[in-house]
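A look at the structure
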There are 2 protein chains.
Amino acid sequence: MTEPTTDVIAIGNAIVDVMAPCEDELIERFGLVRGGMTLVDTERAHELYEAMGPAREISGGSAANTLAGLAALGSRCAFIGQVADDQLGEVFAHDIRAGGISFATPARAGDPPTARCLIFVTPDGQRTMNTYLGASQYLPPAALDDAAIRDAKILYLEGYLWDPEEPRAAMRRAIAAARGAGRKVAFTLSDAFVIERHGADFRAMIEAGEIDILFANHIELAALTGKDDFHAGIDALRDKVPLVVVTRSEQGAVAAWNGSLAEVPAVPVERVVDTTGAGDLFAAGFLHGHVRGLAVEQCLRLGAICAAEIISHYGARPEADLKALVSGQAE
Amino acid sequence: MTEPTTDVIAIGNAIVDVMAPCEDELIERFGLVRGGMTLVDTERAHELYEAMGPAREISGGSAANTLAGLAALGSRCAFIGQVADDQLGEVFAHDIRAGGISFATPARAGDPPTARCLIFVTPDGQRTMNTYLGASQYLPPAALDDAAIRDAKILYLEGYLWDPEEPRAAMRRAIAAARGAGRKVAFTLSDAFVIERHGADFRAMIEAGEIDILFANHIELAALTGKDDFHAGIDALRDKVPLVVVTRSEQGAVAAWNGSLAEVPAVPVERVVDTTGAGDLFAAGFLHGHVRGLAVEQCLRLGAICAAEIISHYGARPEADLKALVSGQAE
């Protein structure tokens, strides 16, 4: 087997974020799930956009954000995800390629349009996401490039995309391709609602040993394992998943592997401007260290640095020079 | 004649800005006019977008930015400008309406698409703009609402839009409507290239007494008057234009009216992040004071405060609470 030429290939939603600050009152008025992600249809998206203040558009998508961080750190990345053949699709494709990420999934013709996520950012910096999935949810298994998957050290999958049927089938096929080539599969649970709907799938995959690296936050960990106690949750997984990485917001992050446990504090920031992408960029830093064979503690530290950068400004794509930020921390 | 219910109605380009940081080397390599605005065709826009890093999209357009500032300060505003019936057109229309600005110009069907401005921001914060005018340049005179123009204290016109033929005809008609109703006409010269092409028009309008308030920066002032000396330039205009307002970047701004002259220093900022919209927001602050009948010195001060806010972050639409920033300065 030849050496992979890609570090991480990811399958995820191809989304443009539409972001605006809002007062807490708006979250209440529209009954939004504060801090969460809710899928919305065309009508609801329209209603929420009407209520949103002047906004800015920045490419997003959980796994795509992670790749943007990885590529900025110097990892070699490829993305699989589907936009529509429209202006927002061009924006997404431009931004991901301009970040140095290989992206070859063809744009889907006709309706629905490219996915967008209406993100309301409250004064505390918390983001409340309302996603219209559009073309992204119809990513067909045929869009996969099995050779590209075999050519990457890690296949990274976004739990959000487990919800719609076609991408779920695509991801199952991708897991088989990666495992068949002896590659690692990394999975992020994304949001508690995904676990509510698909927890049985995830638990079965974990039991079957199909997931090598599992990313979750503490809420998702509890939802998946049914354990309210954080350490009990980790204990429930550690025999089945070689590497479990759990973020705990301002309490930092923990990794468990091979009988060991490591922990890092969160990197302090002057002001939390917008938490969008915190978990995505944590995964970016962690995986960048991991594909370079760094110690787990160092991987956690890189994750914490990248997460701190992303919550210091609007948008889930890095603005500062991540390489410079992590220099001296590793390598 | 009834009292106007709108403070400022503006006619301008309806543009979405596509902004990214870049190194100075890129400006050289593509032969861009550093700090200036250059019109580009589809092909050149494509070439420049290819070379641009990951970007963000924020609504722009010079006069539209000015209205966004005015509305944020509490002035009642209306905008006339043309987008296409596409996603970027929806973005522009949403952002301007969400800012509380009346906007009723119908979107234009079919090609070309909505205007966009590719803005490269160099490490010194200077912006270099490359504008693809798209649907904006076909604003037809028929899109004007003469009643709305008569109902505004000030008609504000953007020099950039003098270049294409249809909007120029529309603006000439708007000037006649405003003057016929006894309203003031404010004009911003926008860029030296506009004066190169249309200086004769502007000088004729000034001679004819059609412009009540003229906004320019020091470079545009020199281009219009042919006087390299700043004060000679102002002297050349002050008998013909009741109120001349000239911005001088970090040297502040000057206004000349009725034999008087007033000057304000620039408001210092911690770091110049992106100069896009500095002149637009200066005009916003100034006009907000002017429609409230404040002294010219106070109008200048409001302009300087708004300009300082806009250059402290990416994008030409205000992010901070402008009302709070100017409170105590006036009213």
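Not measured: the values here are computed from a predicted model.

What about the overall build of chain A?
Assigned secondary structure in chain A consists of 12 helices and 14 strands. Its C-alpha atoms give chain A a radius of gyration of 18 Å, near enough to 20 Å, the size a compact globule of 331 residues would have. Each of the three principal axes of chain A carries a C-alpha extent, and together these read 50 × 40 × 40 Å. Relative to its 331 residues, chain A shows a buried fraction of 56%. The long-range fraction of contacts in chain A, counting pairs at least 24 apart against all pairs at least 6 apart in sequence, stands at 77%.

With respect to the pairing of strand S2 (residues 15-21) of chain A
All names here are of chain A. Most of S2 sits out of view: six of its seven residues are buried. As defined by bridge partners, S2 adjoins strand S7 (residues 115-121) across seven bridges and the pair is classed as parallel. Residue pairing across strands places Val16 opposite Arg116, the latter belonging to S7. In the sheet, S2 pairs with strand S4 (residues 56-59) via four bridges, with the strands oriented antiparallel. Within the sheet, the bridge partner assigned to Met19 lies in S4 and is Arg56.

Observations regarding the sheet that holds strand S9 (residues 152-158) of chain B
Residues and elements named next belong to chain B. Reading across the sheet, the nine strands line up as S6-S5-S1-S9-S10-S11-S12-S13-S14 and stay open at both edges, with mixed pairing between neighbours. Strands at the two margins of the open sheet, each flanked by one partner only, are strand S6 (102-103) and strand S14 (260-264). Where strand S10 (residues 184-188) and strand S11 (residues 213-217) come together, three bridges link them in parallel fashion. Within S11, the residue paired with Ala186 across the bridge is Ile213.

Re the interface of chain A and chain B
The partner chain B presents 21 residues to the 21 residues of chain A that form the contact. At the level of secondary structure, the elements contributing two or more residues to the side of chain A that touches chain B comprise S4 and helix H4 (87-98) of chain A. Here the element with the most residues in the side of chain A that touches chain B is H4(A); it accounts for six residues. Tallied by class, residues from the side of chain A that touches chain B come to 10 nonpolar, six polar and five charged. Inspection of the sheet shows S4(A) paired to strand S4 (residues 56-59) of chain B by three bridges, in the antiparallel sense. Counterpart to A:Ile58 in the pairing with S4(B) is B:Arg56.

Considering the relation of the copies chain A and chain B
Between the two copies, chain A and chain B, the superposition gives an RMSD of 0.0 Å; the rotation angle is 180° and the shift along the axis is 0.0 Å. Both chain copies can therefore be described as sitting about a two-fold axis. Minimal C-alpha separation from the rotation axis in chain A is found for A:Glu57, amounting to 2.4 Å. The overlap is high: 100% of the interface residues of chain A also sit at the interface in chain B, so the same surface is used on both sides.

Here we look at the pairing of strand S5 (residues 77-80) of chain A
Residues and elements named next belong to chain A. Both faces of S5 are covered, namely the face carrying Cys77 and Phe79 and the face carrying Ala78 and Ile80. For strand S1 (residues 6-11) and S5, the ladder comprises four bridges, and the chain directions are parallel. Looking across to S5, one finds that Ile11 is bridged to Ile80. Once the chain exits S5 it traverses H4 before rejoining the sheet at strand S6 (residues 102-103), and the crossover so formed is right-handed.

Some thoughts on helix H9 (residues 230-238) of chain B
Residue pairs spaced three or four apart in an α-helix point in one direction, given the helix's 3.6 residues per turn. Turning to H9(B), its buried residues are B:Gly233, B:Ile234 and B:Leu237. Down the axis of H9(B), the buried set is contained in an arc of 95°. They therefore lie on one face.

A look at unusual backbone geometry
Apart from glycine, the bulk of residues carry a negative phi angle, and the bulk of peptide bonds sit in the trans form. Residues and elements named next belong to chain A. A cis amide bond, omega -5°, links Asp111 with the succeeding residue Pro112. Counting through the fold element by element, Pro112 comes out in the loop between S6 and S7. Phi at Ser190 is positive, roughly 75°, even though this residue is not glycine. By secondary structure assignment, the location of Ser190 is in the loop between strand S10 (184-188) and helix H7 (192-207). Judged by the 26 C-beta atoms lying within 10 Å of it, Ser190 is buried.

Examining the packing of helix H8 (residues 218-225) of chain B against H9(B)
Residue and element names in this part refer to chain B. The geometry of H8 relative to H9 is characterised by a closest axis approach of 9 Å and an angle of 60° between their N-to-C directions. Comparing the axis directions of H8 and H9 gives the class oblique. Once H8 is placed against H9, the crossing between them reads as left-handed. Contacts between H8 and H9 involve His218, Leu221, Ala222 and Thr225 on the former and, on the latter, Phe230, Gly233, Ala236 and Leu237. Of the residues contributing to the contact of H8 with H9, the split by class is five nonpolar, three polar and no charged.

Details of the sheet that holds strand S3 (residues 37-39) of chain A
Spatially, 10 strands are ordered S3(A)-S8(A)-S7(A)-S2(A)-S4(A)-S4(B)-S2(B)-S7(B)-S8(B)-S3(B) in an open sheet, and the strand pairing comes out mixed. Each having just a single partner strand, S3 of chain A together with strand S3 (37-39) of chain B make up the two edges of the open sheet. Along the sheet, successive strands turn relative to each other by an average axial angle of 25°, direction set aside. Both S3(A) and strand S8 (residues 127-132) of chain A contribute to a ladder of three bridges, which runs parallel. For A:Met37, the partnering residue across the bridge sits in S8(A) and is A:Met129.

Criteria and cut-off values
- Residues numbered from 1 in each chain as written.
- Chains lettered and ligands numbered in written order.
- Predicted model: local features only at pLDDT ≥ 70, side-chain atom pairs only at ≥ 80, totals over all residues.
- Helix = DSSP H or I, 4+ residues; strand = E, 2+ residues; numbered from the N terminus.
- Rg over C-alpha atoms; globule rule 2.2 N^0.38 Å.
- Buried ≥ 20, exposed ≤ 12 C-beta atoms within 10 Å, placed from the backbone.
- Contact = placed C-beta atoms within 7 Å.
- Pairing = 2+ DSSP bridges.
- Nonpolar A, V, L, I, M, F, W, Y, C, P; charged D, E, K, R; others polar.
- Least-squares fit on C-alpha atoms with pLDDT ≥ 70 in both.
- Right-handed = clockwise from strand over helix to strand, strands pointing away.
- Arc of directions from axis to C-beta.
- Axes fitted to C-alpha atoms, helices over the stretch in contact; angles between N-to-C directions.
- Parallel < 35°, antiparallel > 145°, perpendicular 65-115°, else oblique.
- Left-handed = near helix turned anticlockwise from the far one by under 90°.

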